[in-house]
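Listed below, chain by chain, are the residues.
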Amino acid sequence: MSDKKASNEMWGGRFASGPAAIMEAINASIGFDRKLYAQDIRGSLAHAAMLAETGIISAQDSEKIAAGLNTILSEIESRKFAFSTRLEDIHMNVEARLAELIGPAAGRLHTARSRNDQVAVDFRLWVKEETRKAGAALERLIAALVARAEEHAATVMPGFTHLQSAQPVTFGHHLMAYVEMFGRDLSRVTDAVRRMDESPLGAAALAGTSFPIDRHRTAAALGFREPTRNSIDSVSDRDFALDFLSAAAIISVHLSRMAEEIVIWSTPQFGFVKLSDSFSTGSSIMPQKKNPDAAELIRAKTGRVNGDLFALLTVMKGLPLAYSKDMQEDKEAVFDAAETIELTLAAMTGMVADLTVNDAAMKKAAGSGYSTATDLADWLVREAGIPFREAHHATGRAVALAEEKGCPLERLSLEDLRSINGAITADVFSVLSVRNSVKSRSSFGGTAPAEVRRQIRYWKKRLKQGAQRKKLR
């Protein structure tokens, strides 16, 4: 066997040419970072314009560079651009094509910058855009939830703890709980955008540059609030990506919790909601089945997004300053999470808007499990003046008696109740019905329909103000 043949077998079928092939395969990122083409060209256009304005390159060269970059943008968008793994990444692919188009002037584009600050600004621009898209998708989901909550502000249903009937609430109130969750998610992505709104372009490899660049100009041209303030941190920071992934993971957890409830509610045993055919599938063998597949997939994809976050946390956990090639592994996790969260938010928004609510089933279930027991205890405290712990004990005896008689609390006779506590009067029956129980929970943030509608008005106003702020940008 020749030495060459033995060497090829050592590397294996795909890497028949040996170490060079392996290095090219592990080193190249063009297979995924081509997604940054628009941001890369945008950053280069801003950099070239600044170089000309500061006299670092000529206006003529800047114009050639801009024309060439716009041609490349058109080629990529029309799918005429030939990407090469030999050129490693999106930056070198664009630069090589620029040289083919405009000649030596292309070589002046990389003056006063490095691929380190170039990729940092490209990726940050992309993540910033995706974070804003996630915010807009959250606003659409919140609006859909608010609309359904308003429709069902007075629709009674059981409220649960430990998935056991606890106290009656309204379906509108339950939906508004998710509004609060996704509202916090919206604040997280808004805060993340504010933190990442700094441009690393001009930090160069890690120490800045001796050229008289204007980083404030390029930051403004790229839509950033200001440039970053430390060149080492500028090229080694991926907090902006972790911020996005952290927010995406928490959003996914919230989506998963709601998806789980939709799965439960849509079972025949609950029958609270019915999913449309748009978000369900049938069984290959059981013709009666209607499976909540969209909700189940939303629930499952949480693991994927959580994994994306953990992957990048692990990449970053032990890196010395400044840039290391490890950081090439920052993008695929973020790209995957962004695509996943966009899909799951859209799917949940569609399901919420499309749900058919079974008011009667919810109302029937709302009184099960002696859900108004707390109202009896509260009445004993408020009207009979007895300590809550004593009232709690008396109510427990009333529940036991109702169980023995096989009836709900409100069907116990006045004599039955007075046998437990002589201070009970006929007025107690005014609080034992599900509807009166719900109506009485009028504390701020409570489930009383009037209070639910107040919170709905708050969120409508907040969403409207958010839309107005966007118009002013």
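Now for a description of the structure that goes with this document. All of these numbers come straight from a predicted model, not from anything done at the bench.

## Considering the pairing of strand S1 (residues 156-161)
Next, step 1: Relative to strand S2 (residues 164-170), S1 runs antiparallel, the two sharing six bridges. Bridge pairing in S2 places Pro-158 opposite Pro-168.
Next, step 2: If you look at the hairpin formed by S1 and S2, you'll find two residues sitting between the two strands, and His-162 has a positive phi there, around 55°.

## What about a nonpolar patch on the surface?
Next, step 1: On the surface, Leu-206, Ile-232 and Leu-321 cluster together to form a nonpolar patch covering roughly 280 Å² of accessible area.
Next, step 2: Within the secondary structure layout, Ile-232 lies in helix H10 (residues 231-236).
Next, step 3: A residue is classified by how much of its surface remains accessible, and Ile-232, at 34% relative accessible area, is partly exposed.

## Describing helix H16 (residues 388-405)
Next, step 1: Between the first and last C-alpha of H16 there are 25 Å, a value that for 18 residues agrees with the 26 Å anticipated at 1.5 Å per step.
Next, step 2: The complete set of buried residues in H16 reads Ala-391, Ala-394, Thr-395, Ala-398, Val-399, Leu-401 and Ala-402. All buried residues of H16 project into a common sector of 160° when viewed along the axis, lining one side. In H16, the exposed positions that point more than 90 degrees away from the buried face belong to Arg-389, His-393, Glu-403 and Glu-404.

## Here we look at the pattern of salt bridges
Next, step 1: Taken as a whole and judged by the stated rule, the model has 29 salt bridges.
Next, step 2: For Arg-97, the salt bridge identified is with Glu-75, shortest N-O distance 2.7 Å. Linking Arg-97 in helix H6 (residues 90-102) with Glu-75 in helix H5 (residues 59-77), this pair joins segments that are 22 residues apart in sequence.
Next, step 3: According to the relative accessible area criterion, Arg-97 is partly exposed, its value standing at 23%.
Next, step 4: In this structure, Arg-195 engages Asp-243 in a salt bridge whose closest nitrogen and oxygen atoms are separated by 2.8 Å. Here the residue Arg-195 occupies a position in helix H8 (residues 171-196), and Asp-243 occupies one in helix H11 (residues 239-265), the gap between them amounting to 48 residues.

Conventions adopted
- Residues numbered from 1 in each chain as written.
- Predicted model: local features only at pLDDT ≥ 70, side-chain atom pairs only at ≥ 80, totals over all residues.
- Heavy atoms only, no water.
- Pairing = 2+ DSSP bridges.
- Helix = DSSP H or I, 4+ residues; strand = E, 2+ residues; numbered from the N terminus.
- Patch = residues over 30% accessible without salt bridge, like charges linked within 9 Å, V, L, I, M, F, W, Y side chains within 5 Å.
- Areas by Shrake-Rupley, 256 points an atom, 1.4 Å probe, with all protein chains shown as cover.
- Salt bridge = Lys/Arg side-chain N within 4 Å of Asp/Glu carboxyl O.
- Buried < 20%, exposed > 50% of the residue type's maximum accessible area, 1.4 Å probe, protein only.
- Expected span 1.5 Å × (residues − 1).
- Arc of directions from axis to C-beta.

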